[in-house]
Amino acid sequence: MSISAATKAATDALAANRAPVSVNAQEVHRWLQSFTWDFEKNRTKYPTKYKMANETKEQFKLIAKEYARMESVKDERQFGSLQDVLTRVDAGNRVHPKWNETMKVVSNFLEVGEYNAIAATGMLWDSASAPEQKNGYLAQVLDEIRHTNQCGYVNYYFTKHGQDPAGHNDARRTRTIGPLWKGMKRVFSDGFISGDAVECSINLQLVGEACFTNPLIVAVTEWAAANGDEITPTVFLSIETDELRHMANGYQTVVSIANDEAASKYLNTDLNNAFWTQQKYFTPVLGMAFEYGSHFKVEPWVKTWNRWVYEDWGGIWIGRLGKYGVESPRSLRDAKKDAYWAHHDLFLIAYALWPTGFFRLTLPTAQEAEWFEANYPGWYDHYGKIYDEWRARGCEDPASGFLPLQWFMENNHQIYIDRVSQVPFCPTLSKGASTLRVHEWNGKKHSFSDEWGERQWLTEPERYECQNIWEQYEGRELSEVIAELHGVRSDGKTLIAQPHTNKDGKLWTLDDLKRIDCVFKDPLKAL
Amino acid sequence: MSIQIQQGKRGLTDPDTARVILDAIPAEALDSQRKMNYFVKPRGRRLSEYEVLTVYAQPTPDWIPGGLDWGDWTQKFHGGRPSWGNETTELHSTDWHKHRDPAKRWHAPYVKDKAEEWRYTDRFLLAYSEEGQVRSIDPFWRDEILNLYLGAYIFNEYGLFNAHSAPSRDTLGDTLRFSIAMIGFDKVDNAQMFQMERVFLSKLAPGFPESTDAPKAEWTKGSIFKGAREAVQDIWQATYDWNESIWSAHIVYDALFGQFVRREFFLRVASHFGDTLTPFFINQTQLYFSQTKGITSDIFFEEGLANDAEFGDYNRRILRAWTDKWLPRTTRALQDFLGIYAKLPVIAGVTDKVSVEQALNRVFDDWKIDFADKVSYKFDKAAIIKTVLQGMK
Ligand SMILES: [Fe+2]
Ligand SMILES: [Fe+2]
């Protein structure tokens, strides 16, 4: 075998320059787009009505090992802080009790979103044909595994170091009891993974991530810090560093379908549905978590919402996509109305159903009532008075034998559940826009609270058949349901959920509930 | 004090705010259960951090075995297909949350390991280039064999990587989803590392092409990888059952074809041609192969599907049927690949027929112990090897 010209060149090169040489990630990445090849069956297992372009590029240009390096650097910082100084200063315990409870829900529910985003981006990795586009989604698959673990870690940390481990320690089991869970699954679970792949991308990346991660992940860190919690900012801000990549993925999804004819027909409808779906849950639930789940207030939710959802997302972000024919969702204006009262409406119901939670709730104090009235004029006359009445009847005290849910029944205020969003609403008490609509289909009655959701259901009722908690628990006594679904603390009798966070207040037990003999009724049956 | 927080004040450090907070905290914790997910059945003696952070992250309803949730899905595919459903696989389990990665890797340990491998790769290449080891590679081996055939093998790994997208979407458990995404990620990593070797060689040996054009032509049109390409295409895009995807890719195809190509061909023969570089990269892929084997063995064997208390016998039957389907395609891939020896000189003890036969025996013997025996799969090793050897011209 003769020495080839290349070997001679290598030897010569070495004689002239012995500098060490390596290869960086970009030098490998630039070949990635050529890794695929055409073959007959090469098509996705998750059909979409859109066609994603074969040449779509990605912005982050990572290879597997470089991805791992970047993430592990972030992990070192984050886990270093948590395990070292924050533990020594007892930071897991020195959190306002109301906020300790809020993080039981926020971290666990966000975990569900992160978890389902793994499957969602797995589907997009399958749907895209361009290797670079696949690669962008792939990095997100791994990121979402990271975020699932990180959210779990927040609950894990508060379980170990916090003032009330119950709920943090078993959220993955007890979250299924209460009225907020199924709605959570709609927006953060099934909405990301079940449907046309591009529709799912719009739900996850274009709306969930580009619109709601700012209020969800960033604003939550401000409320957390105000209430003494440095655990959540340490973890959530580290999560947020990955989200830019995900928003870019959403952007690339739109770019990849922009030239497809289907985009001009369907894209804005899909976007509108996705936006309404996401906002229908997040607008009230986040507002409620912040304002009713904290002691120290950062700013009224309506302001946060207007800044991030209406102006930043509806204006700037969607504006950037204008050149691809994307328009601001038609439902944005109705959503803006929801951002004022919807979370107040929801807290009324959530508090009435407090025994079904995996957290403790607190009635607004006098100081908070003042803050609510100042920021939402008219609050006291509608909500504040009701809370005063409940408090006067002893709703916090296990000896009182009074549940606010009974007050709803006594006054004939029915709580319905919107079939599409699974968000509960009370038409006779809503200060927000919710109104009752009922349809019959497949031998079953279905209630709805707004036109946008009703429209989605009328087009495709077979996608939204999930039974709600009333249908599930119909005829059963409250304490029995809670015992069966493990809603009790480690002593086997005290409830995880409580109607107060007063350190000197008495804790309710299963027996206290049983004495009240509250039986679930499905209001749709009476119609 | 006012409950409206002043800009930038933090409850942990601002004295007035901190006082209010400390005042509200109970003197003693309200519950004594400080173990998160205490209701998860640990695989070992104690619940590991991996189990705490992973198990039941998935909100599975109880009609998918092992789930803790109740009821239907809140949004389904167009037409009503469920988000996740038992019908996405032929296999049955009494608990889809039972799988555990024996290496207990959640995201942080997984990326930490890979980051270390990356840093070490970089340092290795710097040292390798500085002392001029590249001079010892036989140019024929480098320009013909590595360029075309190791280059074409990139597509093998890339195709198998893509066979993990649908299983990452469809699998029915959380520990499963993590494991499947990770072993898929390792496959694209392999493809990228082999391309990295090409880029590196092109820097050290001016004239060596870093372009993927020639290797891709070899993969798509050449005869050496014809059987491989057909098998990979079907594993990737013609297999809809997510368990079958994992079984065909890892348990049958990669454990036989992949192991032969990497360990018995490139790793063994490279040293003979003075190539000390390729073994470095191959050994990374072998590390991933071994970690993947830990995962897939747990999914299918050990306490996994083949030994499920209720469905073990049934599952073993399906797994044998899948093996019947994929073994002939793998055999064909091996047979075609053996055509590569015609391009090499006959070197006693390395590339002669006896050595190749021994190599095949090693691979099939490993396969029998590690995989086939675990589902009582019977095969005629001698006959298969005889068929494969027909590919040696
Ligand atoms: Fe995420
Ligand atoms: Fe994300």
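For the structure, check the block above.
What you are looking at is a predicted structure, and each value in this text was computed from that prediction instead of being measured.

Draft legend 1. Up close: the overall build of chain A. For chain A, the helix and strand inventory stands at 21 helices and four strands. Here the C-alpha coordinates of chain A stretch approximately 95 × 55 × 45 Å along the principal axes. Counting across all 527 residues of chain A, residues that qualify as buried make up 68%. Sequence-distant contacts in chain A: of pairs separated by 6 or more residues, those separated by 24 or more amount to 79%. Looking at chain A as shown, the accessible area adds up to about 17,300 Å², and 51% of this sits on carbon and sulfur atoms.

Draft legend 2. Representation of the side chain of Lys 104 of chain A within the structure. Residue and element names in this part refer to chain A. Assignment of secondary structure puts Lys 104 in helix α5 (residues 97-127). A distance of 3.0 Å separates the side chain of Lys 104 from the side chain of Asp 164, its partner in a polar contact. Excluding residues that lie within four positions of it along the chain, Lys 104 makes contacts with Asn 155, Asp 164, Ala 166, Gly 167, His 168, Ala 171, Phe 358 and Phe 359.

Draft legend 3. Representation of the state of the cysteines. Residue and element names in this part refer to chain A. All told, the structure shown has zero disulfides over all chains when counted by the stated rule. Of all cysteine sulfurs, the one in Cys 211 lies closest to Cys 151, which takes part in no disulfide; the gap is 18 Å. Residue Cys 151 is classed as buried on the basis of its relative accessible area of 0%. Not engaged in a disulfide, the cysteine Cys 395 finds its nearest cysteine sulfur in Cys 518; these two sulfurs lie 14 Å apart.

Draft legend 4. Region of the structure containing helix α11 (residues 312-337) of chain B. With 26 residues, α11 of chain B should cover 38 Å at 1.5 Å per step; its first-to-last C-alpha distance of 35 Å lies within 8% of that length. Its axis deflected by about 30 degrees at Trp 326 of chain B, α11 of chain B carries its strongest bend there, up to four residues before the proline Pro 328 of chain B.

Draft legend 5. The arrangement of unusual backbone geometry in detail. Despite not being glycine, His 486 of chain A shows a phi value in the positive range, around 65 degrees. Within the element layout of this structure, His 486 of chain A appears in the loop between α20 (478-484) and α21 (510-516). Among the residues examined, His 486 of chain A registers a relative accessible area of 33% and is labelled partly exposed. The residue Ser 376 of chain B is not glycine, and still its phi comes out positive at about 50 degrees. Looking at the element boundaries, Ser 376 of chain B is found in the loop between α12 (353-370) and α13 (381-389).

Draft legend 6. Structural context of the pattern of salt bridges. With the rule as written, the count across this model stands at 70 salt bridges over all chains. Counted as one network, the salt bridges with shared partners bring together Glu 71, Lys 74, Asp 75, Asp 143, Arg 146, Asp 242 and Arg 245 of chain A.

What counts and how
Residues numbered from 1 in each chain as written. Chains lettered and ligands numbered in written order. Predicted model: local features only at pLDDT ≥ 70, side-chain atom pairs only at ≥ 80, totals over all residues. Heavy atoms only, no water. Helix = DSSP H or I, 4+ residues; strand = E, 2+ residues; numbered from the N terminus. Buried < 20%, exposed > 50% of the residue type's maximum accessible area, 1.4 Å probe, protein only. Contact = heavy atoms within 4.5 Å. Areas by Shrake-Rupley, 256 points an atom, 1.4 Å probe, with all protein chains shown as cover. Polar contact = N/O pair within 3.5 Å; in protein donor to acceptor, adjacent residues only side chain to side chain. Disulfide = S-S within 2.5 Å. Expected span 1.5 Å × (residues − 1). Bend = angle between axes of the 7 residues up to and from the residue. Salt bridge = Lys/Arg side-chain N within 4 Å of Asp/Glu carboxyl O.

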